[in-house]
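# Architecture and fold: a report
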Amino acid sequence: MSNTTTASVPAKTADLPSWDLTPFFENLDDPALDTAISAFRADVAALQSHFETHSIGTPEPPQHEVTATDVEYVVKALNKVAASMVVIRAFINSYITVDSRNERAQQRMSELEPLLTQFATLNTRVTAWMQHVPVDSLTEDSELIAEHRFALNTMNTEASKLMSPAEEALAAQLAETGGSAWAKLHGNFTSQIEVQVQGDTLPMSAVRNLAFERDASLRKAGYDAELAAWKHHELVIASAMNSVKGEASLLNRKRGWGGLLDESLFRANMDREALDAMLDAARDAFPVFRRYLRAKARMLGHEAESGLPFYDLFAPVGQSADWTYTEAAQFIERHFRGYSAKLADFAVRSFEENWIDAAPAPGKRDGAFCMSVRDDQSRILMNFKPAFGSVATLAHELGHGYHNLCLASRTMLQRTTPMTLAETA
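Conventions adopted
Residues numbered from 1 in each chain as written. Predicted model: local features only at pLDDT ≥ 70, side-chain atom pairs only at ≥ 80, totals over all residues. Heavy atoms only, no water. 1 Å grid on protein atoms, 1.4 Å probe; cavity = no way out; pocket = protein on both sides within 12 Å on 5 of 7 lines; lining within 4 Å. Points joined across faces, edges and corners; volume = space filled by probe spheres on them. Helix = DSSP H or I, 4+ residues; strand = E, 2+ residues; numbered from the N terminus. Nonpolar A, V, L, I, M, F, W, Y, C, P; charged D, E, K, R; others polar. Salt bridge = Lys/Arg side-chain N within 4 Å of Asp/Glu carboxyl O. Buried < 20%, exposed > 50% of the residue type's maximum accessible area, 1.4 Å probe, protein only. Pairing = 2+ DSSP bridges. Phe/Tyr/Trp six-rings, centres within 6.5 Å; stacked < 30°, edge-to-face > 60°. Patch = residues over 30% accessible without salt bridge, like charges linked within 9 Å, V, L, I, M, F, W, Y side chains within 5 Å. Areas by Shrake-Rupley, 256 points an atom, 1.4 Å probe, with all protein chains shown as cover. Lys, Arg positive; Asp, Glu negative; His and termini not counted. Charge placed at Lys NZ, Arg CZ, Asp CG, Glu CD. Expected span 1.5 Å × (residues − 1). Contact = heavy atoms within 4.5 Å.

## Brief notes about the layout of surface pockets
Its volume calculated, the second largest pocket comes out at about 440 Å³. Taken together, 24 residues form the lining of the second largest pocket, with R208, N209, A211, F212 and F314 sitting closest to its centre. Of all the elements in the fold, those that place two or more residues in the lining of the second largest pocket are helix 9 (204–209), helix 10 (216–232) and helix 16 (388–406). Looking at the lining of the second largest pocket element by element, the count peaks at six residues for helix 10. When grouped by side-chain class, the residues that make up the lining of the second largest pocket number 13 nonpolar, seven polar and four charged.

## A closer look at the pattern of salt bridges
For the structure on display, the rule yields 26 salt bridges. In this structure, E226 and R208 form a salt bridge, with 3.2 Å as the shortest nitrogen-oxygen distance. Residue E226 is found in helix 10, and its partner R208 is found in helix 9; the two are separated by 18 residues along the sequence. Relative accessible area serves as the criterion here: at 13%, E226 is assigned to the buried category. R208 sits in the partly exposed class, given a relative accessible area of 39%.

## Notes on the pairing of strand 1 (residues 194–197)
Because side chains alternate across strand 1, one face comprises the buried residues V195 and V197, and the other comprises E194 and Q196, none of which is buried. In this structure, the hairpin formed by strand 1 and strand 2 (residues 200–203) is closed by a connection of two residues, where Q198 is found at a positive phi of approximately 50 degrees.

## Details of the packing of aromatic side chains
Two aromatic rings are characterised by how far apart their centres lie and by the angle between their planes. Enumeration according to the criterion identifies 15 aromatic pairs in this entry. Their ring planes at 75 degrees and their centres at 4.9 Å tell us that W323 and F331 sit as a pair that is edge-to-face. Its relative accessible area of 22% is what places F331 among the partly exposed residues. With a centroid separation of 6.1 Å and an interplanar angle of 65 degrees, the aromatic rings of F346 and Y402 are classed as edge-to-face.

## Remarks on the sheet that holds strand 4 (residues 369–374)
Here we have three strands laid out as an open sheet, ordered 3-5-4, and mixed in their pairing. For this open sheet the edge positions go to strand 3 (356–357) and strand 4, each flanked by a neighbour on one side alone. Across five bridges, strand 4 lies against strand 5 (residues 377–381) in antiparallel orientation. Each bridged residue has a counterpart across the sheet, and for M371 the counterpart in strand 5 is R379.

## Some words on a nonpolar patch on the surface
Together, L185, L235 and V236 line one region of the surface with nonpolar side chains, adding up to about 260 Å² of accessible area. With respect to the element layout, L185 can be found in helix 8 (residues 179–191).

## Here's the deal with a positive patch on the surface
A grouping of R290, R291, R294 and R298 is seen on the molecular surface, where their side chains present a positively charged patch. Secondary-structure assignment places R290 in helix 13 (residues 272–299). For R290, a relative accessible area of 46% puts it in the partly exposed group.

## Considerations on helix 16
Its 19 residues give helix 16 an end-to-end C-alpha distance of 27 Å, which sits within 8% of 27 Å, the value for a rise of 1.5 Å per residue. Taken together, the buried positions of helix 16 are S390, V391, L394, E397, L398, G399, H400, G401, Y402, H403, N404 and L405. On its buried side, helix 16 packs onto helix 14 (325–337), helix 15 (341–352), strand 3, strand 4, strand 5 and helix 17 (419–424).

The structure is reproduced here in structure tokens:
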């Protein structure tokens, strides 16, 4: 990690916490992590052997009528292996997202990736197999199948959009050095970009936070520095993004989707009519937002015809206070409690058990996310700025964590959630 520090990049103090990963494994060299990876490898191998023996996802249809017992075995095995995978992948990825320069974490992820590819291939084989499974009729014979009806029927629908088993297996294997590798490069590369802003060297995660500064010259300086950095590195970034989307577009065509939007709607459990209704509602609201932005431009001293510059989009106005992380946590807990004691208690637990990595830092990914790790436990990454925008971001990500809490009793197949539902919840 870079040793560069400035007053604009808060240190990871008690007020800006790092997340605690020790409930899962002590560190990247913990023997328990090696044991977990070995168990995951053995479970994947056993599942693959079962698939070969029972012709699951092979070019030939099953040699016998698929029974409830057949489906129950696959559902239980997928849930077990997926639960193990999520913990291991989340643990290693947690190190990378806070410091992409962590060579040991990158090494451990490279060890894991072939197993993730193998498991992804098995998931695709299950999807292909589901077209031979009478899910609805089997629910009468199995409570487990009835509980997983939605996930299984979704696979059944998706099966018609798969390439041949050999092509799907090849696509999964090529992704390691194709789209997935380009996405990994994009994340690692952009997290390590540092720029000069008024004499200070800042990571991009801190530069983005300058949009909330009270000093207009600092907001503009940060914005200009950010755009200059993206321009300077555009060859690598554009290559990565074009390669990721190029692979997705090619596979989309080969699988027979009508277009990228059709597949996206399927993944979101939406139809085109619902999307159009949402877009129409947004367009109807545009005049209100435009009036607000024009008013904000006037308040900040911009000419009416020039409008609000992008670097002032998040500029603080009025008497809004600066927020410490502790004040943000207290504010969130108080307002959550006004809605639900369970929600507030969950937020307090996440603060007390250090589930959140809050400080911008060199090598850390920009933005914010919440990831489920195990049972009802999540971890939240953000880049906290003492402004209300970060308070809202923290509350939003805690909302995802609460969603994971509510899903804790569900199996991994049942917990699969489209973006549309996850962001609404």
